[in-house]
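# Coordinate analysis (summary)
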Amino acid sequence: MIIYGGSTGQVLAAQVANKLGAKLGKLEITKFPDGEKYIRYHDKVENEDVVLIHPMGLTPDELFIEYLLICSALKDGKAKSIVTFVPYFAYARQDSRFNPGEPGSFHLVSKIIDDLGIDMIYTIDLHLQRVNDLSELIKNTPTKNLSAVPDIATWIKNNAGLNNPIVLGPDEESEQWAKVAAETIGVDYEIMIKTRYSATEVSITTKEGKPLPVNGKDVVIIDDIISSGGTIIEAVKLVKEAGAGKIVVGCTHPVLRGKTQFDSALANIYNSGVSIVVGTDSVPSQVSYVSIASVIAKTLQNNS
Ligand code: R5P
């Protein structure tokens, strides 16, 4: 097996190759003077099982093209199988036309990826709100969504020093992650209801207007992505009003961009009253304390 990392997956690829005792592939990634990507692998891939680890969390447009170029080159090189891990999937949040005149972005991206003819795509805590399963969009390539939430919840349980916590999800979609985190920590969970007005503006209320069952407990808020931080900051307001003790936030993809270039989502979240923020290295960040390398390595081990 040869394991490659795209330009944001190199560390993960090295860690996974190391865990599995597999070969780390040599992938050259540069740019032409006009900004176009140049990629070239330097291994014999013919008849080899090849794995590509390629998170698309930051600069997604560029990383999407890079993904297409790498997969296409490996396919042309007659790899026996091409399995890709795309922990943060570019355009997954645009899974619907929200306004007239918009493209069906995720549908388009899925169609292009499907045409590559690769063998398997794994995602991690993929944001799918209006589509039940990625197979509804990527119809000809097998896909599977993995989760880093058990590892994040275990990290929180072991490191956050929580007293009698409850897990909260900031919106309806987060119930799946809140449930798993609560089971892992061994406590109850509840979700809140979110209304989104724009990419950075949301409001959050309690379910059916009922008080959050917090009552002085420590709180763990779990979500798949923290992007602008707006969701977490709005959720924290309610959690504080409900009389929370310590507030800890966990997410799989710490994109952590502010609302403007000079705004820090992480600083704003800490400033809102959160004690600890923890994410994974699906998007390398100051709070990527949990590595998805073990989820990827375990998946490859179980399928070899
Ligand atoms: C859906 O909206 C997602 O699950 C996250 O809640 C969202 O991506 C967070 O974005 P932001 O940090 O910009 O509120």
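Residues numbered from 1 in each chain as written. Predicted model: local features only at pLDDT ≥ 70, side-chain atom pairs only at ≥ 80, totals over all residues. Heavy atoms only, no water.

### A word on the domain arrangement of the protein chain
Where interface size is given, it is often the accessible area lost as the parts come together that is meant. According to the domain assignment, the protein chain consists of domain 1 (2-147 + 292-302) and domain 2 (149-281). At the junction of the two partners, domain 1 supplies 17 residues and domain 2 supplies 15 residues. The contact between domain 1 and domain 2 buries some 1300 Å² in all, and 49% of this surface belongs to carbon and sulfur atoms. On inspection of domain 1 and its partner domain 2, the count reaches 10 residue pairs in polar contact (both at pLDDT 80 or more). A class-by-class count of the residues in the side of domain 1 that touches domain 2 yields nine nonpolar, six polar and two charged. (Domains from an automatic or database assignment. Contact = heavy atoms within 4.5 Å. Buried area = accessible area lost by both parts, 1.4 Å probe. Polar contact = N/O pair within 3.5 Å; in protein donor to acceptor, adjacent residues only side chain to side chain. Nonpolar A, V, L, I, M, F, W, Y, C, P; charged D, E, K, R; others polar.)

### Considerations on the packing of helix 2 (residues 60-76) against helix 3 (residues 105-114)
Relative orientation of the contacting elements helix 2 and helix 3 amounts to 20°, with a least axis distance of 11 Å. Classified by the angle between their axes, helix 2 and helix 3 sit roughly parallel to one another. Crossing hand, helix 2 versus helix 3: left-handed. Here helix 2 contributes F64, Y67 and L68 to the contact with helix 3, which in turn contributes V109, I112 and I113. (Axes fitted to C-alpha atoms, helices over the stretch in contact; angles between N-to-C directions. Helix = DSSP H or I, 4+ residues; strand = E, 2+ residues; numbered from the N terminus. Parallel < 35°, antiparallel > 145°, perpendicular 65-115°, else oblique. Left-handed = near helix turned anticlockwise from the far one by under 90°.)

### Re the sheet that holds strand 13 (residues 247-254)
The strand order 11-10-9-12-13-14 describes an open sheet built from six strands, whose pairing is mixed. Across the chains shown, the open sheet's two edge strands, defined by having one partner strand only, are strand 11 (202-206) and strand 14 (276-278). Going from strand to strand, the sheet's axes swing by 25° on average, the running direction of each strand aside. Two strands pair when backbone bridges link them, and strand 10 (residues 189-196) and strand 11 are joined in this way by five bridges, in the antiparallel orientation. Its bridge partner lying in strand 11, M192 is registered against T206. Sheet strands touched by helix 4 (residues 149-159): strand 12 (219-226), strand 13 and strand 14. Its angle to strand 13, the strand with the most contacts, is close to 150°. Seen against the sheet, helix 6 (residues 230-241) touches strand 9 (166-169), strand 10, strand 11, strand 12 and strand 13 and runs at an angle of roughly 30° to strand 11. (Pairing = 2+ DSSP bridges.)

### Focus: the sheet that holds strand 5 (residues 49-53)
If you walk across this open sheet you meet the six strands as 2-1-5-6-7-8, and the pairing is parallel. Each edge of the sheet is formed by a strand with only one pairing partner; in this case those strands are strand 2 (23-24) and strand 8 (143-146).

### Details of the pairing of strand 5
The buried fraction of strand 5 amounts to four of the five residues, a majority that puts the element mostly inside the structure. Pairing of strand 1 (residues 2-5) with strand 5 involves four bridges; the strand directions are parallel. Bridge assignment links Y4 to a residue of strand 5, and that residue is L52. As paired strands, strand 5 and strand 6 (residues 81-86) are joined by five bridges and run parallel to one another. Following the sheet pairing, I53 is matched in strand 6 by F85. (Buried < 20%, exposed > 50% of the residue type's maximum accessible area, 1.4 Å probe, protein only.)

### Here's the deal with unusual backbone geometry
In this structure, K78 is a non-glycine residue whose phi angle is positive, near 60°. Relative to the assigned elements, K78 resides in the loop between helix 2 and strand 6. The exposed category is assigned to K78, whose relative accessible area is 54%.

### Re the site of the ligand
For the ligand, the set of nearby residues contains 16 residues, the closest of which are R93, D223, D224, S228 and T231. Between the ligand and the protein, one listed contact pairs an oxygen atom with a side-chain N or O atom of R93 at 2.5 Å. A distance of 2.8 Å is found between an oxygen atom of the ligand and a backbone nitrogen or oxygen belonging to S227. Against a free-state accessible area of 380 Å², the protein chains account for coverage of 98% of the ligand. The greatest single-element share of the shell around the ligand, amounting to four residues, is contributed by strand 12. Classifying every residue of the shell around the ligand gives three nonpolar, six polar and seven charged. (Near = heavy atom within 4 Å. Areas by Shrake-Rupley, 256 points an atom, 1.4 Å probe, with all protein chains shown as cover.)

### Considerations on helix 1 (residues 10-20)
Those residues of helix 1 that sit buried are L12, A13, V16 and A17. Down the axis of helix 1, the buried set is contained in an arc of 130°. They therefore lie on one face. Every exposed residue of helix 1 that faces more than 90 degrees away from the buried side is listed here: V11 and N18. On its buried face, helix 1 sits against strand 1, strand 2, strand 5 and helix 8 (293-302). (Arc of directions from axis to C-beta.)

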